[in-house]
Amino acid sequence: GVDDYVNLSTSASGALNITGNQLSVQAWINLELPMPGHAQMIFDKHNGASAGYSLAINTAGQLEMKINGFTLASATAVPTGAFVHIAGTYDGSFVRLYANGAQIASGALTGNVASNSGQVARIGNDNTGTALGFVRLIDNLAVWNRPLTASEIVGLANPGHYVQTAGTTTVNGTLTAPNGTTISGGSLVGTGTVLGNLQNASLVAPGNSPGCITIN
């Protein structure tokens, strides 16, 4: 849309008024050219000054997250003309931005998110007016009161892609991953079958596979 938005009318003091030092926001977005000449709000629970949090596309087309009085923007613009998975996280030490599963910006920040119980949350526009409408499409937006891990974000950006960064995955039946399996840490063991392309940088028996691997 151009001026459509979703007003979450009971969210002023509810679960979306996050006041701890951890959060994540993710969505699939589809931008179009030309850019509208104003920032485009994806999710807004910020008061416009120094409390709350938001995720938006700024006037340069960059992904931007605000937490309290802190702003982090990506160095390059988000691609247009196709759906892109975007996410912003805060873990109490760093704010991080992601596009299509890859980290594109990070910045140091500490402290809790200041309460913004004065405004409700909005999807697709700013929560104090209608000047920052998102032009085109937002889908599958979600908010967590914890930081998503890098592997979780890769999984959200690549449905059907199994990612392991540590620990042990035991397959005694069948692990089906139509978009592939990535093992970057830990080990993959068992007596079952992994269906899908396998990228391996860790311990796998019997080894790398161009397509299908059977664990013996």
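Rules behind the numbers
- Residues numbered from 1 in each chain as written.
- Predicted model: local features only at pLDDT ≥ 70, side-chain atom pairs only at ≥ 80, totals over all residues.
- Heavy atoms only, no water.
- 1 Å grid on protein atoms, 1.4 Å probe; cavity = no way out; pocket = protein on both sides within 12 Å on 5 of 7 lines; lining within 4 Å.
- Points joined across faces, edges and corners; volume = space filled by probe spheres on them.
- Helix = DSSP H or I, 4+ residues; strand = E, 2+ residues; numbered from the N terminus.
- Nonpolar A, V, L, I, M, F, W, Y, C, P; charged D, E, K, R; others polar.
- Buried < 20%, exposed > 50% of the residue type's maximum accessible area, 1.4 Å probe, protein only.
- Pairing = 2+ DSSP bridges.
- Axes fitted to C-alpha atoms, helices over the stretch in contact; angles between N-to-C directions.
- Contact = heavy atoms within 4.5 Å.
- Polar contact = N/O pair within 3.5 Å; in protein donor to acceptor, adjacent residues only side chain to side chain.
- Core = buried A, V, L, I, M, F, W, Y, C linked by side-chain atoms within 4.5 Å.

Enquirer: What is the right way to look at the layout of surface pockets in this model?
Expert: It is a probe the size of a water molecule, rolled over the atoms, that shows where empty space is left. There is about 180 Å³ of room inside the largest pocket. If you go around the largest pocket, you meet 14 residues; those closest to its centre are Met41, Asp44, Gly48, Lys66 and Leu132. Take the lining of the largest pocket: its biggest share by element is 3 residues, from strand 3 (residues 40-46). Of the residues assigned to the lining of the largest pocket, the class counts are 4 nonpolar, 6 polar and 4 charged.

Enquirer: Could you clarify how one ought to interpret the pairing of strand 2 (residues 23-30) in this entry?
Expert: Taken residue by residue, a regular strand's side chains alternate between the two faces of the sheet. Summarising burial for strand 2: 8 of the 8 residues are buried, a large majority. Residues Leu23, Val25, Ala27 and Ile29 line one face of strand 2 and the alternating positions Ser24, Gln26, Trp28 and Asn30 line the opposite face, and both faces are buried. Two strands pair when backbone bridges link them, and strand 2 and strand 7 (residues 83-90) are joined in this way by 8 bridges, in the antiparallel orientation. Paired with glutamine 26 across the strands is alanine 87, a residue of strand 7. When strand 2 meets strand 11 (residues 137-144), the two strands line up antiparallel, connected through 6 bridges. Counted as the bridge partner of valine 25 is valine 143 from strand 11.

Enquirer: Is there a simple way to think about the sheet that holds strand 8 (residues 94-99) in this case?
Expert: Across a sheet, paired strands are connected by hydrogen bonds in the backbone, their directions being either parallel or antiparallel. Here 5 strands make up an open sheet; going across it, the order is 9-8-7-2-11 and the pairing antiparallel. One side of each edge strand has no neighbouring strand; the edge strands of this open sheet are strand 9 (102-108) and strand 11. Taken over all neighbouring pairs, the strand axes of this sheet differ in orientation by 10° on average, direction set aside. Strands in contact with helix 1 (residues 150-157) are strand 2, strand 7, strand 8 and strand 11; relative to strand 7, the strand with the most contacts, it is inclined by about 160°.

Enquirer: When you look at the pairing of strand 7 in this model, what are you seeing that I'm missing?
Expert: Most of strand 7 sits out of view: 7 of its 8 residues are buried. Of the strand pairs in this sheet, strand 7 and strand 8 are connected by 5 bridges, and their pairing is antiparallel. Looking at strand 8, one finds that tyrosine 90 is bridged to valine 95. Here strand 7 folds back onto strand 8, and the loop between the two strands holds 3 residues, one of which, glycine 92, carries a positive phi near 90°.

Enquirer: Just checking my understanding: could you explain the side chain of serine 24 for this structure?
Expert: Residue placement: serine 24 occurs in strand 2. Polar side-chain contacts of serine 24 include one of 2.8 Å to the backbone nitrogen of leucine 148. Apart from the residues within four sequence positions on either side, serine 24 is in contact with Gly88, Thr89, Ala142, Val143, Trp144, Arg146, Pro147 and Leu148.

Enquirer: It is not clear to me how the nonpolar core should be interpreted in this structure. Could you clarify?
Expert: Most often, soluble globular proteins keep nonpolar side chains buried together rather than apart. Among the nonpolar cores identified, the biggest contains 28 residues, and Ile29 and Ile42 are the most heavily contacted of them. Contributing elements (two or more residues each) for this core: strand 2, strand 3, strand 4 (52-57), strand 5 (62-67), strand 7, strand 8 and strand 10 (121-123). For this core, the element with the most residues is strand 2, which contributes 4 residues. Val171, Leu175, Ile183 and Leu198 belong to the second largest nonpolar core, which has 6 residues in total.

Enquirer: Could you clarify how one ought to interpret unusual backbone geometry in this entry?
Expert: Excluding glycine, a negative phi dihedral is what most residues carry, and trans is how most peptide bonds are arranged. Geometrically, the link from leucine 33 to proline 34 is a cis peptide bond, its omega value of 0° lying close to zero. The topology assignment puts proline 34 in the loop between strand 2 and strand 3. With phi around 50°, asparagine 100 is a residue other than glycine that occupies positive phi space. With respect to the secondary-structure elements, asparagine 100 resides in the loop between strand 8 and strand 9. Residue arginine 136 is not a glycine yet carries a positive backbone phi of 100°. On the secondary structure map, arginine 136 appears in the loop between strand 10 and strand 11.

Enquirer: For this particular structure, what's the right way to read the sheet that holds strand 15 (residues 181-183)?
Expert: Here we have 3 strands laid out as an open sheet, ordered 12-15-18, and parallel in their pairing. Sheet topology places strand 12 (162-164) and strand 18 (198-200) at the edges, where each strand pairs with a single neighbour. Across the sheet, the axes of successive neighbouring strands diverge by a mean angle of 5°, strand direction being ignored. With 3 bridges joining them, strand 12 and strand 15 adopt parallel strand pairing. Within strand 15, the residue paired with tyrosine 162 across the bridge is threonine 181.

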